[in-house]
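Report on the structure
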Amino acid sequence: MNMIRPLLEDDALLADIAAAATDFSRVHLWWLGQSGFLIRWPGGHLLIDPYLSDSLTTKYAATDKPHVRMTSRVINPRRLDFIDLVTSSHNHTDHLDADTLLPLIAANPTMRIVVPEANRQFVARRLNIDPASLIGMVDGAAQEVPGVPGVTVHGIPAAHDALEQDEQGRHHFMGYVFKLPMNDGRTTTIYHSGDTLWFDGLTQRLRRFEIGLAILPINGRGPERKVAGNLWGREAAGLAMEIGAKRVVPCHYDMFTFNTATPEEFIATCRKLDQPHHVLKAGERLSI
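So, a few notes on the structure that sits alongside this text. (Residues numbered from 1 in each chain as written. Predicted model: local features only at pLDDT ≥ 70, side-chain atom pairs only at ≥ 80, totals over all residues. Heavy atoms only, no water.)

1. Observations regarding the overall build of the protein
Applied cut-off: Here a helix means four or more residues in a row that DSSP labels H or I, a strand means two or more in a row labelled E, and each is numbered from the N terminus. With a 1.4 Å probe rolled over the protein chains alone, any residue whose accessible area is under 20% of its type maximum counts as buried; one over 50% counts as exposed, and the rest are partly exposed. Whether two residues are in contact is decided by their heavy atoms: any pair within 4.5 Å suffices. All accessibility values rest on the Shrake-Rupley procedure with a 1.4 Å probe; residue burial counts only the protein chains present in the view. Residues counted as positive are Lys and Arg, residues counted as negative are Asp and Glu, and His and the chain ends are not counted. Every charge is mapped onto a representative atom, which is NZ of Lys, CZ of Arg, CG of Asp or CD of Glu.
In terms of helices and strands, the protein carries seven helices and 13 strands. Over its C-alpha atoms, taken along the principal directions, the protein stretches across nearly 50 × 45 × 45 Å. Within the protein, the fraction of its 288 residues that count as buried is 57%. Once local pairs closer than 6 in sequence are excluded, the contacts in the protein between residues at least 24 apart make up 64%. For the protein, the accessible area works out to roughly 11,900 Å², and carbon and sulfur atoms hold 50% of it. One way to put it: in the protein the 29 positive side-chain charges average out to a point 2 Å from where the 33 negative ones average out.

2. Brief notes about the side chain of Thr269
Structurally, the position occupied by Thr269 is in helix H7 (residues 264-273). With a relative accessible area of 16%, Thr269 lands in the buried category. Not counting the four nearest positions on each side in its chain, Thr269 is found in contact with Arg234 and Ala237.

3. Describing the pairing of strand S8 (residues 152-157)
The condition is simple: The rule for pairing is simple: two strands pair if DSSP sees at least two bridges between them.
Buried residues dominate S8, accounting for six of its six residues. Side chains Thr152, His154 and Ile156 project from S8 onto one buried face, and the interleaved Val153, Gly155 and Pro157 project onto a second face that is buried too. One ladder, built from three bridges, connects strand S7 (residues 142-144) with S8; its direction is antiparallel. In the sheet register, Gln143 faces S8, and the bridge partner there is Val153. Here S8 runs beside strand S9 (residues 174-181); their pairing, made up of six bridges, is antiparallel.

4. Some details on the sheet that holds strand S11 (residues 213-217)
Which entries qualify depends on this criterion: For every element, the axis is a line fit to its C-alpha atoms; helices are fit only across the contacting stretch, and the angle between N-to-C directions ranges from 0 to 180 degrees.
Taking strand neighbours across the sheet as the criterion, the six strands line up as S7-S8-S9-S10-S11-S12 in an open arrangement whose pairing is mixed. Where the open sheet ends on each side, the last strands, each with one partner, are S7 and strand S12 (248-251). Between one strand axis and the next, the sheet turns by 20° as a mean value, whatever way the strands run. Strand direction decides the pairing type here: S9 and strand S10 (residues 187-192), joined by six bridges, are antiparallel. If you follow Phe178 over to S10, its bridge partner there is Ile190.

5. Some thoughts on helix H3 (residues 98-107)
Residues of H3 that are buried: Ala98, Thr100, Leu101, Pro103 and Leu104. Summarising the contacts, the buried residues of H3 are in contact with strand S3 (44-48), strand S4 (85-87) and helix H4 (120-127).

6. Let's talk about the environment of Val123
Considering the arrangement of structural elements, one finds Val123 in helix H4. Spatially, the C-alpha atom of Val123 lies 32 Å from that of Leu7, the residues being 116 residues apart in sequence. Once residues within four sequence positions are removed from consideration, Val123 is found in contact with Asn91, Leu96, Val115 and Leu134.

7. What to know about H4
Convention followed: What the arc covers is the set of directions going from the helix axis to the C-beta atoms.
Looking only at H4, the buried set comprises Arg120, Val123, Ala124 and Leu127. Buried residues of H4, viewed axially, fall in a sector of 100°; they line one side. Positive phi shows up at Asn128, right after H4, with a value of about 55°.

8. What about the nonpolar core?
Put simply, the test is: In plain words, nonpolar cores are sets of buried Ala, Val, Leu, Ile, Met, Phe, Trp, Tyr and Cys residues tied together by side-chain atoms within 4.5 Å.
In terms of nonpolar packing, the biggest core is built from 52 residues, with Val153, Tyr191 and Leu216 touching the most fellow members. Once residues lying within four places of it in the same chain are set aside, the contact partners of Leu216 are Tyr191, Ser193, Leu231, Ala236, Leu239, Ala240, Val248, Val249, Pro250 and Cys251. Counting 26 residues, the second largest nonpolar core, distinct from the first, contains Trp30, Leu127, Leu134 and Ala282.

9. Some remarks on the sheet that holds S4
Taken together, seven strands build an open sheet; the order of strands is S6-S5-S4-S3-S2-S1-S13 and the sheet is mixed. The two strands at the open ends of the sheet, each matched to only one other strand, are strand S6 (135-137) and strand S13 (285-287). Shown here is a sheet whose adjacent strand axes are inclined to one another by a mean of 20°, direction ignored. Contacts between helix H1 (residues 10-20) and the sheet are confined to strand S1 (28-33), strand S2 (36-41), S3 and S13, with S1 contributing the most and set at about 160° to the helix. Strands in contact with H4 are strand S5 (112-116) and S6; relative to S5, the strand with the most contacts, it is inclined by about 135°.

10. With respect to the pattern of salt bridges
To be explicit about the condition: We count a salt bridge whenever a side-chain nitrogen from Lys or Arg sits within 4 Å of a carboxyl oxygen from Asp or Glu.
Tallied over the entire structure, the rule returns 13 salt bridges. Of the charged contacts, one joins Arg285 and Asp16 as a salt bridge, the two residues approaching to 2.8 Å between their closest N and O atoms. Highlighted residues: Arg285 in strand S13 and Asp16 in helix H1, separated in sequence by 269 residues. For Arg285, a relative accessible area of 26% puts it in the partly exposed group.

11. Things to note about the side chain of Glu117
Applicable threshold: Polar contact is the term for a pair of N or O atoms within 3.5 Å; when the atoms are in protein, one must be able to donate a hydrogen and the other to accept it, and sequence-neighboring residues count only if both atoms are side-chain atoms.
As for its placement among the helices and strands, Glu117 is situated in the loop between S5 and H4. The buried category is assigned to Glu117, whose relative accessible area is 17%. Here Arg120 takes part through its side chain, which lies 2.8 Å from a polar atom of the side chain of Glu117. Setting aside chain neighbours within four positions, we find Glu117 in contact with Gly136, Met137, Val138 and Arg170.

Here you go:
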């Protein structure tokens, strides 16, 4: 199988990021593959769930779950030396990858890291950092980010496959709503669900935010994969409509051959529901 090449990668991607930095009227978003996104707003750069290594391919090469890569890496994380904030939605390696995050930390010494509060100690051990340096999120919390003016992160539980909580009731799987300030006083609101199914209470939690952009997984689920599942494309489209998202972007596909889907069902359902949507290629920019 021929590897999918990103639309933009390496130097070309960095040039596009630099060009977008001169546009202060919009928020710019690049899909980095799997659930990873780079977001540029007038005040800085946010990196969501980046997976920019081959750690899982190496780890599972001799197992019954080989993680055969479908899309080549968009960029070496060491080159992203302008990141203000990075998030991890949960502890699975494609959302909390030490081979991605350690180079990012080295390149961005003041970068803040947002994780589920229930995962704080696990994340600190994986990255060999001080647990107190992390920003922990719980259901319903609203956290301003120190050193990143005007940005607020809201915690939303995720079910992957279930709502898993620690002994204190804190969720191990989470999504985040980001409120990003614009120069004209407006706020752009982006929801990244992390890995999740559609569970009771999710729609109600999200409707109050007036989501401008929802980012949702579409790879679905099946017992033959032997991994936790996600929304199918039709479910992601339906969820976007139910929460009133002004636009929805799909993710979590075209990375590993054993756990992927095509966006056709997502696109068809969005069209049927008249739900605005945009399907990106890896390394492609969306400006909103």
